[in-house]
Every structure is written in structure tokens, then in C-alpha cells.
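# Residue-level structure breakdown
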Amino acid sequence: MFTGLVEGTARLAAVSRHTGGATFTLEAPFLVDDLHVGDSVAVNGVCLTAETVGGGLFTATAVPETLRRTNLGGLQPGGRVHVERAMRADGRFGGHIVTGHIDGIGHVAEVYPDGEARVLVIRVDPTLARYMVDKGSVAVDGVSLTIMRAEKDRFSVSIIPHTQAVTRFGEIRASETVNIECDVIAKYVERLLTYRGDAGASGGIDAAFLARHGFLR
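Below you will find a few notes about this structure. Worth saying up front: this structure is predicted, and the values here are computed from it rather than measured. (Residues numbered from 1 in each chain as written. Predicted model: local features only at pLDDT ≥ 70, side-chain atom pairs only at ≥ 80, totals over all residues. Heavy atoms only, no water.)

With that settled, consider the sheet that holds strand β11 (residues 143–150). The antiparallel closed barrel is built from six strands, whose spatial order is β8-β9-β12-β11-β10-β13. Mean inter-strand twist for the sheet, computed between neighbouring axes without regard to direction, equals 45 degrees. As paired elements, strand β9 (residues 117–123) and strand β12 (residues 154–159) share six bridges and run antiparallel to each other. From the neighbouring strand, R118 faces β12, where its bridge partner is I159. (Pairing = 2+ DSSP bridges. Helix = DSSP H or I, 4+ residues; strand = E, 2+ residues; numbered from the N terminus. Axes fitted to C-alpha atoms, helices over the stretch in contact; angles between N-to-C directions.)

Here is the structure:
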């Protein structure tokens, strides 16, 4: 599990593509001092396993299904990616619950300045857009962000100067792709309501209960 507070950007030193997927060699000296073989690490929001660690580098492999469903399949040597080690149980939880399981790809439709901030307008499939709500949470390439505005096929996020400095969002341009992980709480609520519909009045969660407690608007 992750928080969406990425620890920085790693440079992609090499990509080895093979029948089992692709192995990435990532240069992240700020990360590897406390990274061990077998640890989980989020790469652009995708939960991967560190396979080798040393010399300021670590390697991780993404299987073909992951390459198809995320933007990792398009990574090239020299590019930069967001990285975050798994959350510690004794640390502060400053972002939101991020699992590292990507729901789909988003396409940056527009980037424009808003004072010192940069606003990203990201187009997504309506099957993902239904989980987006104004002031809700979303992980974009592993970064925990607050949704400014949610529409039927897109949403907007505002990137503050600090986030611009420590992520690649200070340079991202329209037409680029990003990994999207929707808020897991929204997905659980939807599943519980669907279960109620399947089970009938005798089972599942009570929608009136959710409405009383502010989960439904």
C-alpha cells in the first residue's frame, strides 16, 4: 500500500524487453539506501517488486498485462518516472489510500497556468470518470491529487509549485498518457450497493444508511 506522496523521480537507465514482459533498471540513489530485494515500490503508480538493488540502481519487471494496461509499456531509456516505497505502518499517512493497482489510462487533454499552479485536464473513459467527484482523491501516475472538477469523460487537477518541482508534472504536456487509480473507497461503496441490488432487501448494505452518513449525494 502507498500514500501517493511520491518520493521523487527516478531516471530510467535501461529497458530490457523479453517474452516475460519488460525489466526496468531505474536510477534512484535517494531511494535505494532503504530499499531491499523483494520490497514493493510504485513506479508511475504501478506496484512492482524490487528484484535487484545496488549502486544507486534497482530493477523491477512488469508482466505483459501490466504493460498493456499502463503507460509503462511506452517507457524509454532516459525518461523519468515517479517512485514511492511502500507505506510504513509507523509513519504519517499524508496522501490517500493508493494500492498500486491501476484502473486505466488517462490522456492529458490540456495544460494551462492558474497563478503559480498548473492545471491538468485529463480525459478518461466514462467507466473511470464515474468514480471522480469534485474535491475527491485520485492517483495520477502514483501522485495523490485532489480533483478540482469532475465531468463525464474528464477531470481537472491543480499542481502546486512544490509538486511541480518534485514530480514530472512541472513539464508534462498535452497528449501524454498517465496512469489512473481511482479512489478505492468509491469502488468499495459501488460494489456494496451493487451487491444490495443483487441480493435484494434481505442482504447487502442499506443505501439509506449511506445517505444519512454523507456517502451518497
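With that settled, consider the sheet that holds strand β6 (residues 57–62). Each strand in a sheet pairs with its neighbour through backbone hydrogen bonds, running either in the same direction (parallel) or in the opposite one (antiparallel). Across the sheet, seven strands lie side by side as β4-β3-β7-β1-β2-β6-β5; this open sheet has antiparallel pairing. Looking along the sheet, the strands with just one partner apiece sit at the ends: β4 (46–49) and β5 (52–54). Averaged over all pairs of adjacent strands, the angle between their axes in this sheet comes to 35 degrees, without regard to strand direction. Pairing of strand β1 (residues 8–18) with strand β2 (residues 21–27) involves seven bridges; the strand directions are antiparallel. When the sheet's bridge partners are listed, S16 is paired in β2 with T23.

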